[in-house]
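Coordinate inspection notes
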Amino acid sequence: MIRRAYWSDPWTSIPRGKAQLSNHRLRQPGDLPHDIHFTHICLEHRVAASVGALPGESRGMTTSPDVLIVGAGLAGLACGRHLADAQVSFQIIEAADGIGGRVRTDEFDGFLLDRGFQVLLTAYPEAQRTLDYHALELKKFTPGAFSWFAGRMNKLVDPWRTPGGWSEALRSDFGGFLDKLRILRLRSRLRSSSIDQIFKHPERSTRDALVSAGFSEEFIHRFFRPFFGGILLDGELKSSSRMFEFVFKMLSEGDIAVPARGMGAIPAQLASHLPADSIRLNTHAESLHENELTLTGGESLRARAIVVAADGPGAAHLVGEAEPASRSVTCFYFSADEPPVPHPMLVLNGDGAGPVNNFAVISQIAPSYAPAGKSLVSVSVLGTQQLTDQQLGGFIIAQMKNWFGTVASSWCHLKSYRIPHAQPQQLPGALEPPQRAVRVRPGIYLCGDHRDNASIDGAMLSGRRAAEAVLADLSR
Ligand SMILES: Cc1cc2nc3c(=O)[nH]c(=O)nc-3n(C[C@H](O)[C@H](O)[C@H](O)COP(=O)(O)OP(=O)(O)OC[C@H]3O[C@@H](n4cnc5c(N)ncnc54)[C@H](O)[C@@H]3O)c2cc1C
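What you are looking at is a predicted structure, and each value in this text was computed from that prediction instead of being measured. (Residues numbered from 1 in each chain as written. Predicted model: local features only at pLDDT ≥ 70, side-chain atom pairs only at ≥ 80, totals over all residues. Heavy atoms only, no water.)

Points about unusual backbone geometry
With an omega dihedral of 0°, the bond running from E432 to P433 counts as a cis peptide bond. Even without a glycine there, the phi angle at D109 is positive, about 55°. Relative to the assigned elements, D109 resides in the loop between β6 (105-108) and β7 (111-114). Exposure remark for D109: the relative accessible area of 15% places this residue in the buried category. Even without glycine at this site, N282 takes up a positive phi of about 50°. Mapped onto the secondary structure, N282 falls in the loop between β13 (279-280) and β14 (285-289). (Helix = DSSP H or I, 4+ residues; strand = E, 2+ residues; numbered from the N terminus. Buried < 20%, exposed > 50% of the residue type's maximum accessible area, 1.4 Å probe, protein only.)

Structural notes on the pairing of strand β22 (residues 412-424)
Judged by how many residues are buried, β22 sits mostly within the fold: 12 of 13 residues are covered. Taken together, the 9 bridges between strand β18 (residues 326-336) and β22 define a ladder with antiparallel strand orientation. Within the sheet, the bridge partner assigned to C331 lies in β22 and is Y417. (Pairing = 2+ DSSP bridges.)

A look at helix α1 (residues 74-85)
Taking 1.5 Å as the rise per residue, α1 with 12 residues should run 16 Å; its terminal C-alpha atoms sit 16 Å apart, in good agreement. Where burial is concerned, most of α1 is hidden: 10 out of the 12 residues are buried. Positive backbone phi, approximately 60°, marks Q87, located one or two places after α1. (Expected span 1.5 Å × (residues − 1).)

Brief notes about the pattern of salt bridges
Oppositely charged side chains can form a pair if their charged atoms are brought close together. Scanning all chains against the criterion turns up 26 salt bridges. Between E432 and R242 there is a salt bridge, and its shortest N-O distance comes to 2.9 Å. Here the residue E432 occupies a position in the loop between β22 and β23 (439-441), and R242 occupies one in helix α9 (residues 241-253), the gap between them amounting to 190 residues. Where D473 meets R439, a salt bridge forms, and the shortest distance between an N and an O atom there is 2.9 Å. Of the two residues, D473 sits in helix α14 (residues 456-474) while R439 sits in strand β23, which places them 34 residues apart along the sequence. Judged by relative accessible area, which is 44%, R439 ranks as partly exposed. One connected set of salt bridges, linked through shared partners, spans K140, D158, R161 and D255. (Salt bridge = Lys/Arg side-chain N within 4 Å of Asp/Glu carboxyl O.)

With respect to the pairing of strand β19 (residues 346-349)
Walk down a regular strand and you will see the side chains alternate between the two sheet faces. Covered by surrounding structure in β19 are L346 and L348 together with V347 and N349, the residues of both alternating faces. Direction of pairing for strand β10 (residues 144-149) relative to β19: parallel, over a ladder of 4 bridges. From the neighbouring strand, W148 faces β19, where its bridge partner is N349. Here β19 runs beside strand β20 (residues 358-361); their pairing, made up of 2 bridges, is antiparallel. The partner of L348 across the bridge, within β20, is N358.

Some details on the sheet that holds strand β15 (residues 292-295)
Read from one edge of the open sheet, 3 strands run β14-β15-β16, paired in antiparallel fashion. Lying at the two open borders of the sheet, with one neighbouring strand each, are β14 and β16 (300-302). For this sheet the average axis-to-axis angle between neighbouring strands, irrespective of direction, equals 25°. Bridge analysis of β15 against β16 gives 3 bridges, and the strand direction is antiparallel. Bridge pairing in β16 links L293 to L301. (Axes fitted to C-alpha atoms, helices over the stretch in contact; angles between N-to-C directions.)

Quick notes on the site of the ligand
In the vicinity of the ligand, 36 residues are found, and the nearest of them are E94, R102, Y124, D449 and I456. Contact distances for the ligand include 3.4 Å between an oxygen atom and a backbone N or O atom of S455. Calculation on the ligand without its partners gives an accessible area of 1000 Å², and the protein chains cover 96% of this total. Where the shell around the ligand is concerned, the elements lending two or more residues are α1, β22 and α14. Partitioning the shell around the ligand into residue classes produces 20 nonpolar, 11 polar and 5 charged. (Near = heavy atom within 4 Å. Polar contact = N/O pair within 3.5 Å; in protein donor to acceptor, adjacent residues only side chain to side chain. Areas by Shrake-Rupley, 256 points an atom, 1.4 Å probe, with all protein chains shown as cover. Nonpolar A, V, L, I, M, F, W, Y, C, P; charged D, E, K, R; others polar.)

Considerations on the nonpolar core
Formed by 99 residues in total, the largest nonpolar core has its most connected members in V67, F224 and F228. Take this core: its biggest share by element is 8 residues, from α14. Within the second largest apolar cluster, 21 residues are counted, among which are F334, F359, V377 and I396. (Core = buried A, V, L, I, M, F, W, Y, C linked by side-chain atoms within 4.5 Å.)

Some details on the packing of α1 against α14
Across the interface, α1 lies against α14 with an axial gap of 7 Å and an inter-helix angle of 40°. By the criterion of interaxial angle, the relationship of α1 to α14 is oblique. Helix-helix and strand crossings are classified by hand; for α1 and α14 the assignment is right-handed. Every residue of α14 that contacts α1 at L74, A75, A78, C79, H82 and L83 is listed here: I456, A459, M460, S462, G463, R464, A466, A467, V470 and L471. (Parallel < 35°, antiparallel > 145°, perpendicular 65-115°, else oblique. Left-handed = near helix turned anticlockwise from the far one by under 90°. Contact = heavy atoms within 4.5 Å.)

Here is the structure:
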């Protein structure tokens, strides 16, 4: 039987002496400086299995491939997929024990836990081009959001996609009339701009763009700050307005969704198109010299082309570039007996008090994320935070008790993920030019979300760009 610790009170927390506090690292300490650390608190726990992890320690190849790819995140897998389509041989070297990089899902005690709350925007063009949405069994959020402010939960409906939504939106006191008018204007301007045009718009901070578009401070604080702060992992909205406009356009043209089997189903689908022996797990690339890759342990691998598809900090280490700054986030998962909100919508912290920026009852969107009779609550706190899980969990529950009453005391903490490098920081200037070169020097290529934009789409697009560059160069 699995027994768990319940927070009956944010300050007393778990019965002392009974709780096991387990710290796991995905790889050996020192393997990668930008690791994901996760901790869970349970009196007993089951080993988490990663959805999408390939069985076996490694899946080595015997002959030298034409191309070596470092990293089996979305960028590396997308690159591999395009090389496979062109029938060019390659091998992917991955430091972790499974594929997916920042997009992985753990099975834990009957729940599916994505390693940090994240979603697929179905309008992403590269995702549409590359993924089979039907096979992913996408489950969609109800358009709109709840926002907590003025001591109550307020609903922002999306009038374009909610039956009867126009009268509800106009009557709602969430945003003044002028803010609603400006949303309308922004939406129609971005829908009629192409993505290429958006990435050529003058770049400034998202906040400056919103202020100059005339949005009220109140509406920015109650809606844009927690909503886009949660997507860009930037509570101050300092990120590039180009990224904000791109995401806004995607939101207005499609749905927010998760695959029924967790976000890890996305890399798993990409990997299913690759040759069976093309990914070597638990293998860390230590250094790169010309067309030779040295692995931790001393083994050397050579290929005609090497594609570094590592995360920004990891790639910088290998190719000798300056390390990009990171956006970080902490995700807490709770099991609840009842969902605290009535609809499968994002819930925002619109008053700004307390650690929680946003949360979703993810099992309301995709019931397969939780066992029958349970709700899975995914809470996002921006940054990695200095507090222990017990301390931060206590603050989260205190905030949720303020919003939902004592029922939040019975939420059971399942696991938390602290992700120091969740996204590259994209301040104004970072997307100028919008796409960074994938050719670094002869035979060496780079891809990853740091080459395009910090998203699932940007990562896959950069993987395709790198594959196209490799194919062009190899055919010369
Ligand atoms: C919590 C969170 C929330 C997010 N939310 C969203 C969202 O809602 N929507 C969205 O579109 N995007 C979101 N993102 C961003 C998106 O997940 C990333 O942009 C994308 O997954 C990056 O893919 P990548 O392949 O570029 O890098 P990664 O996924 O980081 O893959 C790089 C891989 O390289 C491996 N590696 C690194 N160095 C080495 C080495 N030396 N040797 C061998 N292997 C190495 C790593 O282990 C890793 O597997 C979110 C990210 C996080 C973490």
